[in-house]
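# Structural features, examined
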Amino acid sequence: MASVSYHISSLLEKMTSADKDFRFMATNDLMMELQKDSIKLDEDSEKKVVKMLLKLLEDKNGEVQNLAVKCLGPLVGKVKEYQVETIVDTLCTNMLSDKEQLRDISSIGLKTVISELPPASTGSTMTANVCKKITAQLTGAIGKQEDVSVQLEALDILSDMLSRLGGTLYSFHSSILNCLLPQLTSPRLAVRKRAIIALGHLVLTCSGNIFSELTEHLLSELKRNESTSTTRTYIQCVAGISRQAGHRVGEHLEKIVPLIVQYCNVEDDELREYCFQAFESFVRRCPKEIDPHIPNVMGLCLKYITFDPNYNYDNEEEEMMETENGEDEEQESDDEYSDDDDISWKVRRSAAKCLEAIVSSRHDLLQDFYKTLSPVLISRFKEREENVKADIFSAYISLLKQTLPIQSWLHASDASGKDDVPLTMLQNQVPNIVKALHKQLKEKSIKSRQGCLSLLTELANVLPGCLADHIPALVPGIVFSLADKSSSSNMRIDTLSFLHVLLCNHQPEVFHPHIKSLVPPVVTCIGDPFYKITSEALLVTQQLVKVIRPLDKSCSFDAKPYVKDLFPATLKRLKAADIDQEVKERAISCMGQIIYNLGDHLSTDLQPTLKIFLERLKNEITRLTTVKALTLIASSPLKIDLRPILGEGFPILASFLRKNQRALKLSTLTALDILVKNYSDSLKPAMIESVLTELPALITENDMHVSQVAIVFLTTLAKVYPSCISKISSSALAEVFQLVHSPLLQGGALNAIIDFFQALVLAKAATMCYSELMKQLTAPVYSSGLAGASLTLHKQAYYSVAKCVAALSSACPKEAPVTVNQFIQDVKNPKSSSAVKVLAFLSLAEIGRTMNLSAQRELKTVILEAFTSTSEEVKSAASYALGNVSVGNLKEYLPFMLKEIVTQPKRQYLLLHSLKEVISSSPANGLKPYVEDIWALLFKHCECTEEGTRNVVAECLGKLTLVNPSELLPRLKKQLSSGSPHARGTVVTAIKFTIADQPQPVDALLKGCIGDFLKTLQDPDLNVRRVALAMFNSAAHNKPSLIRDLLSAVLPSLYNETKVRRELIREVEMGPFKHTVDDGLDVRKAAFECMYTLLESCLDRLDIYEYLNHVEDGLKDHYDIRMLTFIMLARLSTLCPNAVLQRLERLIEPLRATCSTKVKAGSVKQEFEKQDELKRSAMRAVAALLTIPEVEKSPAMAEFSSQIRSNPEMASLFESIQKDSASLPTSESMDMS
C-alpha cells in the first residue's frame, strides 16, 4: 500500500514541474496506474490526485490537458463518492468560464465521467447523486442563454446523460422538460436541434404525465403557428420523438396527423420536408395508429414527389432527339438564371423516403401500390437530382421486394391465385420501366447507372423472363458500362452481376443476336487486374457458355467463333497459381462448364486443360471445386474423353473418401458414381477395388446422408460391374445390414438400401444370392430365440427389414411363394417369439401390398387368430398385414374385412386400423365400387364411446373423402348438424385428414366449405371445440390459403378459447389431498398452438396488438401454456419487434415473475425439473427480447436485465442460454427464408 502511495506522490510532484514534458510523462504514468485493477488509494492520495488533475485541466499545454481528461475516466471508479462530486462541481463551474479552451476540455471531462459512472442498477447511490448535481448545473446553464457555445455543450452532455442514465434522473424529468421546451424557440438553429435530440432521449424514460405534457405543448404550439421557423422546429421535434419512442406517440396521432397534413400545403419547402420526415417516422414506428391516415399521407407523397416548380421536363425528349451535343449549349444558358436556392428537391426526397416506408410496411396494399404508386414512381425515374433519384429507385426496389413471392416450404405447395395479381400488374408496367431507364444506362453519372442496374436486377429476380422483349434496349447500356474507361470498379461489378441475373432468368434464344457485342467486354473483364471484377466476369462467362450452346434443346446458333475468345481468357486464369482463392474456384467451375458445353470444339486444347484439373485435384484448397467440375464434365452429353486423367485421378478421388471434410466426401461419391456410369469401359478392376476398400467406413448411422450416397454408388457398381460384386467386401455388406437394423433408418437411405439389395440379387453373384441375403436380413430377429422373448430390435427396424424382404421377393418372383409360406408357418408355430411373428406379419404386409396373395388359403385365419394374441405388437402388426394384403387384392379381402368389422365388435379397433391401411394405400379407382359400403359402415361407428376408435374412423372418413370429394364432402358437412357431440367431433377430425401440404383436387371444394366446419369452434361441447382447433391448426400449417380469408371471422372464437374458464376447474379429493383439475387446459393449449402456427403462415392477416393481448394472458397461465407463449414471444421479437416494444412493460412482468419463482423446499423432483424448464424457456424469451434494436432504452427492460445480472442464479442461466444460442445454427432464419 505504502509503495503505491509513494509512487503516486512522486508522480504528483513531477506534475508540478515547469517542464511540460515532465508533466506529460507523469500524467501518462498516472493514467497507466489508474487503469490497473489492483490499485487502491488512501484518502489523502485520493484528495491529492483529484486536486492535481483538476489543476492540470487548466494547463497551458494542450496535450497535458488531454491526458488529464483521460485520467478522469478510470479515476471515477477508484475514488470515494464525495471526490467524484468535487470533480463534477469543478467541471461544471469550468463549463461556464470565459476561456473557450477550458470550457471545451471540461465538457469532454463531464462526458468522460458520465460514461464511466456505474449504471443505476448496480445499486450504488453515487450515480444518482452525481447525476443530480450535474443536471441542476446544466439546466441552469441551458436556461441562462448567455453564451451559445456553453448552451450547446450543456445540451450535448444532457443528451448523453439522458440516453445512458435517463431512469436515474427520474425526479428531474419535469425540470429538464421545462428547461428544454423554451430552447425549441431559440434564435440559434443548432440549439434547437440539440434540444430536440435531448427531448428524444428524455421521452424514452419519462413518465406518462411528462410525455403528455410534452405532447400537449407541441400540439398547442403547432396550432398557434407563430412563425414558420418555429413550426418547422416543432414538426422536427414530433418526428424526433416518434423516431425514439414511436410506441408512445401512437395514442396522440389522431390529433397530430391532421395538423401536419395541413402544414404540407404551406408554401415552404423546408417545412414540407420536415412534415414528410414526421410521416415517415409515424409509418415506421406506429403502424397501427397511422393506418387510417395512410391513404391521405400517400396522396400527399405522390403529389409532392413530382413537385419541381422551377424546372420544366416537357420538351426534354425532343431536344435529346435533335442533337446529341446540344446538351452542352443548353447547360451554359442555364447558368445565367442559376437557382442555387431551389430546395424543392428536399421535399421530393423526403416524399420518396416516406413512400418507401409505406411500401415496406404495408404488404397488404400491394395491389393499390401497383395501381397508383408504381406509375408515378416510374414517371419520376427522370428526376434531375441524383440524391432524389437514388431514393426514388430505392422506393421502387422496396416495392419489387414486397412483390417477390415468398419462397418458403409453406407457400411452394400452396400457391393461391390471389398473389399473382400484383405480378400481372407489374408485368404490364415493365415496358414503361425499361423505357424510363434504358437511356440512363448510358449517362455520365455513375450513381444513377448503379441505381438503374440494381432496380433492373431486382425486377429480373421478381419476374424471371419479364425482360425478354427488352434485351435489345438493355444490351447497349450493359456494354457501355463494361467498356467505359471512367466506370469505377464497383460499377463494373454491378453491371456484371446484373448481366448474370439476366442470363440466368431468361431463355437462351433472346441473347443470341447480341452475343457478338456481349462477349468482347466480358472477356476484357476476365483479364481485369482487380480480382473482384475477374471473379464476377467468370460467373457471367459460365452462364454465357450455357446460353451460347444449350445442350438440352436443339439450337441453330453457331457457338464455334466464340470459343477462341472465351477459352483462352478462362484458361489464363485457370493456369495462374498466384491469384485470389475465389477467382481460382470460379475459373475451375467456368472451365468445367466450357468443356461440358463446348468440349468438342476444343480439339487439341482439351487434354492439356484436363491435366491442369488433375493438378488442381491435388491441391487442398481447390480440390472440392475441381471434383464438382469433373462431375459436370463426366455427365456431358458430348462424351468428353477423360481416359488420360482417369488412371491417375481415380486413386486420388478414392483417397478423398477418407478425408474428414463432409462436403468433399459427398461430392466425390457423386463424381465416382457418374464416372462409373459413363466411363465403365475405361476403368480397370484395380481402380474399382481401390474405391471399394474405402466404402465400408462411410456407411454408418451417424451420417445417414453420406451413407445413402455411398449405397447409391454401390448400387451403380452392382449394376455396371456385376463381376466386382463378389469383391464387395463382407465388411461393406455387414455395415449395410447394421444400418437396416438401426432405428434411425428411413426415407431416402432406406430406399437406397432397397435398390441396392435388388441390384445385388439381379447381379447373380454366388455369395449374394437371395437365400443368403434373406438369412442375413432376418438373422437378428430369429436369433432372439424363445417364444416369450420381447422385441429385440427397435420397432422401426422391423419395418425396414420387412421392406427389404419385400423388395428381394419382388426382384425374385420365383422365390417369393416359398418365403411367404415360411412366414405363415412362423406365425402358426406357437414356439415363435413375438419378434418373429411381428417380422413375419410386417413382411407379409409389404409383400402383399404389391403381390396378390390369394393363393395362400390360410392367411385370413392366421391373421384373425393373431388378433387375440397377448402381445400388443403382434396385434398391430397383424392388423397392418391384413390392411396391406387387402390392397393387393381388394376384391377378395375388402368385403371380408367389412363383414368382420360388423360381426366382431371386440376386434373392431384392429380391423378399423386395417381398413385405414386399405384406404390410404389403394388407388382411387380400385376403391370406388366399395365407397358406399365403407361410408355406411364408418358412420355406424362414428359415435363410439372409445376416443381411439373414433380417431381411426375419422382418419378413414377423411382419406375416403379424397376418393370422391365432390360427392362425399357435402355429406360430411350434413353430419355437422347431428345431435351427438361425438359424431360432430369425428366429422371435424375427418376434415383434418383431408388437408395435406401438397396440392390436391379436394382443395377448391374444401376452401368453399371449411368455413362451415370452423363454426364448430363455437360448439357447446368442449371436445368438439378441441378437435376443431386441431383441424384449424392443421389447415394453418399445411395449407394457409384455405383459411386466410376466413381469419376475420375465426379469430374471435380462437381468442375466446385462450381464456381460463373458472367453471371447468374442479377439485378432486385424493385421500387426504385436494387436487385441482382444469378440464379446459387441453382446449387452451390447442388454441395457443393455433396462434403460434398463424405467426408462421398468416402474420400479415393478424392484428398483432390484439394478438399480443392474448399472449400476455398466456404468460400467466398454466405450465404448458406458459412454455408455449414463451416460444411465441421469442418468435414475435424477430417478426414484429416494434409491436413487442410497445407492450414491453406488460410482457416483462410475467417473465420476471417466472424467472424469480422459488420452488417450495419439500417439493418432488419433477416439480424442480418443471420449474427449471420453465425458467430456461422464459430466459430464452428474454434473450430474444434483448435482440430487438432499441430495447435497452426501455426503463423496464433495463431494470430487469440489471436484476438478472445481479442475481447469480439468473445470471448463470442467462449465460448458458446465450452460449446455447451461439452454438446453434440460427433456426429463425431457416423458418422464413
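Here the structure is a predicted model, which means the values were calculated and not measured.

Let's shift gears to the overall build of the protein. Each helix and strand in the protein was counted, giving 63 helices and 2 strands. Taking the principal axes of the C-alpha coordinates as reference, the protein spans close to 115 × 95 × 75 Å. Looking at the protein residue by residue over its 1233 residues, the buried ones come to 53%. Partitioning the intrachain contacts of the protein with sequence separation of at least 6 by distance along the chain shows that 74% fall at a separation of at least 24. Looking at the protein as shown, the accessible area adds up to about 54,700 Å², and 53% of this sits on carbon and sulfur atoms. Averaging the locations of the 138 positively and 152 negatively charged side chains of the protein gives two centres separated by 6 Å.

Two numbers describe how helix α19 (residues 344-361) lies on helix α21 (residues 386-403): the axes approach to 9 Å, and their chain directions differ by 10°. Considering the angle they form, α19 stands roughly parallel to α21. Two secondary-structure elements touch here, α19 through Trp345, Arg348, Arg349, Ala352, Lys353, Glu356, Val359 and Ser360 and α21 through Asn387, Val388, Asp391, Ile392, Ser394, Ala395, Ser398, Leu399 and Gln402. In terms of residue class, the contact of α19 with α21 is built from 7 nonpolar, 5 polar and 5 charged.

Of all 6 residues in strand β2 (residues 1073-1078), 0 are buried, a share of ten percent or less. By the bridge criterion, 6 bridges tie strand β1 (residues 1065-1070) to β2 in an arrangement that is antiparallel. Within the sheet, the bridge partner assigned to Glu1069 lies in β2 and is Lys1074. Where β1 folds back onto β2 in an antiparallel hairpin, the turn is made up of 2 residues, including Gly1071, whose phi is positive at roughly 60°.

So, on to the packing of helix α42 (residues 834-850) against helix α44 (residues 872-888). Contact geometry of α42 with α44 gives a least axis separation of 7 Å together with a crossing angle of 15°. On the basis of their axis angle, the class for α42 and α44 is roughly parallel. Where α42 crosses over α44, the handedness of that crossing is left-handed. Residue-level inspection shows Ser834, Lys837, Val838, Phe841, Leu842, Leu844, Ala845, Glu846, Gly848 and Arg849 of α42 in contact with α44, the latter providing Glu873, Val874, Ala877, Ala878, Tyr880, Ala881, Asn884, Val885, Val887 and Gly888. Residues belonging to the contact of α42 with α44 are distributed by class as follows: 12 nonpolar, 4 polar and 4 charged.

So, on to the pattern of salt bridges. Under the criterion given, the structure shown has 50 salt bridges. Notably, a salt bridge pairs Arg1084 with Asp1078, separated by 3.0 Å at the nearest N-O pair. What makes Arg1084 buried here is its relative accessible area of 2%. Among the ionic contacts, a cluster of salt bridges with common partners joins Asp308, Arg348, Arg380, Glu383 and Arg384.

When the pLDDT values of the protein are averaged, the result is 83; 93% of them are 70 or greater. No element of the protein has a lower mean pLDDT than helix α63 (residues 1227-1232), which averages 36, and none a higher one than helix α32 (residues 623-634), which averages 94. Segment residues 316-338 is flagged for pLDDT under 50; beyond a separation of four residues in sequence, or across chains, it makes 5 contacts in the model. Taken as a whole, residues 786-790 scores under 50 in pLDDT and shows 11 contacts with residues more than four places along the chain or in a different chain.

The phi torsion of most residues other than glycine is negative, and most of the peptide bonds are trans. Positive phi, close to 45°, is recorded for Ser603, a residue that is not glycine. Structurally, Ser603 is set in the loop between α30 (581-598) and α31 (606-617). When its relative accessible area of 58% is taken as the criterion, Ser603 is described as exposed. At Lys639, a residue that is not glycine, the phi angle is positive and equals roughly 50°. Mapped onto the elements of the fold, Lys639 is located in the loop between α32 and α33 (643-656).

Turning our eyes to something else, we now look at helix α40 (residues 795-811). The end-to-end C-alpha separation of α40 is 25 Å, in line with the 24 Å expected for 17 residues at 1.5 Å each. Listed in full, the buried residues belonging to α40 are Ala797, Tyr798, Ser800, Val801, Ala802, Cys804, Val805, Ala806, Ala807, Leu808, Ser809 and Ala811. Summarising the contacts, the buried residues of α40 are in contact with α37 (730-740), α38 (747-762), α39 (770-782), α41 (816-828) and α42.

A word on the side chain of Thr949. Position of Thr949 relative to the elements: it lies in helix α49 (residues 947-961). On the basis of relative accessible area, Thr949 is assigned to the buried category, the value being 6%. Leave out the neighbours within four places in its chain, and Thr949 touches Gln908, Tyr909, Leu912 and Cys944.

Within the fold, Ser163 resides in helix α8 (residues 148-165). Residue classification places Ser163 among the partly exposed positions, given a relative accessible area of 44%. The sequence separation of Ser163 and Ile87 amounts to 76 residues, and the corresponding C-alpha distance is 22 Å.

Glancing now at the environment of Ser5. Along the chain, the position of Ser5 falls in helix α1 (residues 2-15). The buried category is assigned to Ser5, whose relative accessible area is 19%. Sequence spacing of Ser5 and Asp42 is 37 residues, and the spatial spacing of their C-alpha atoms is 7.6 Å. If we skip the residues at most four places from it in the chain, Ser5 touches Asp42 and Ser45.

Tallying each qualifying case throughout the model produces 11 aromatic pairs. Each ring, one from Phe381 and one from Tyr396, has its centre 5.5 Å from the other, and the planes form 85°; the classification is edge-to-face. In this pair, Phe381 is assigned in the loop between α20 (366-379) and α21 and Tyr396 in helix α21, connecting sequence segments 15 residues apart. When its relative accessible area of 0% is taken as the criterion, Phe381 is described as buried. An angle of 25° between the planes, with centres 5.5 Å apart, marks the rings of Phe737 and Phe757 as stacked. Of this pair, Phe737 sits in helix α37 while Phe757 sits in helix α38; the two residues are 20 residues apart in sequence, bridging distant segments of the chain. Following the ring pairs from residue to residue traces out a cluster consisting of Phe276, Phe279, Tyr304 and Phe307. Above the face of the Phe656 ring, Arg623 is positioned so that its terminal group lies 5.5 Å from the ring centre. The aromatic ring of Tyr893 is capped on one face by Lys860, whose charged end is 5.3 Å from the ring centroid.

Enumeration according to the criterion identifies 0 disulfides in this entry. Considering cysteine sulfurs only, Cys812 is the nearest to Cys804, which forms no disulfide, with 14 Å between them. Judged by relative accessible area, Cys804 falls into the buried class, the value being 0%. Here Cys1098 is not cross-linked by a disulfide; its sulfur's nearest cysteine counterpart is in Cys1090, at 11 Å. A relative accessible area of 0% means that Cys1098 is categorised as buried.

Turning our attention to the nonpolar core. In this structure, Phe279, Phe282, Tyr396, Phe757, Phe841, Leu915 and Ile1043 are the most contacted members of the largest nonpolar core, which totals 425 residues. Once you skip the residues sitting within four places of it in the chain, Phe279 turns out to touch Val257, Ile260, Val261, Cys264, Val297, Leu300 and Cys354.

This part is about the environment of Phe613. As for its position among the elements, Phe613 is in helix α31. In this structure Phe613 comes out as buried when scored by relative accessible area, which is 0%. Residues Phe613 and Phe530, spaced 83 residues apart in sequence, show a C-alpha to C-alpha distance of 24 Å. Those residues in contact with Phe613 that sit more than four places away from it in its chain are Ile588, Met591, Gly592, Ile595, Thr626, Ala629, Leu630 and Ile633.

What counts and what doesn't
- Residues numbered from 1 in each chain as written.
- Predicted model: local features only at pLDDT ≥ 70, side-chain atom pairs only at ≥ 80, totals over all residues.
- Heavy atoms only, no water.
- Helix = DSSP H or I, 4+ residues; strand = E, 2+ residues; numbered from the N terminus.
- Buried < 20%, exposed > 50% of the residue type's maximum accessible area, 1.4 Å probe, protein only.
- Contact = heavy atoms within 4.5 Å.
- Areas by Shrake-Rupley, 256 points an atom, 1.4 Å probe, with all protein chains shown as cover.
- Lys, Arg positive; Asp, Glu negative; His and termini not counted.
- Charge placed at Lys NZ, Arg CZ, Asp CG, Glu CD.
- Axes fitted to C-alpha atoms, helices over the stretch in contact; angles between N-to-C directions.
- Parallel < 35°, antiparallel > 145°, perpendicular 65-115°, else oblique.
- Nonpolar A, V, L, I, M, F, W, Y, C, P; charged D, E, K, R; others polar.
- Pairing = 2+ DSSP bridges.
- Left-handed = near helix turned anticlockwise from the far one by under 90°.
- Salt bridge = Lys/Arg side-chain N within 4 Å of Asp/Glu carboxyl O.
- pLDDT = per-residue confidence, 0-100.
- Expected span 1.5 Å × (residues − 1).
- Phe/Tyr/Trp six-rings, centres within 6.5 Å; stacked < 30°, edge-to-face > 60°.
- Lys NZ or Arg CZ within 6 Å of the ring centre and 35° of its normal.
- Disulfide = S-S within 2.5 Å.
- Core = buried A, V, L, I, M, F, W, Y, C linked by side-chain atoms within 4.5 Å.

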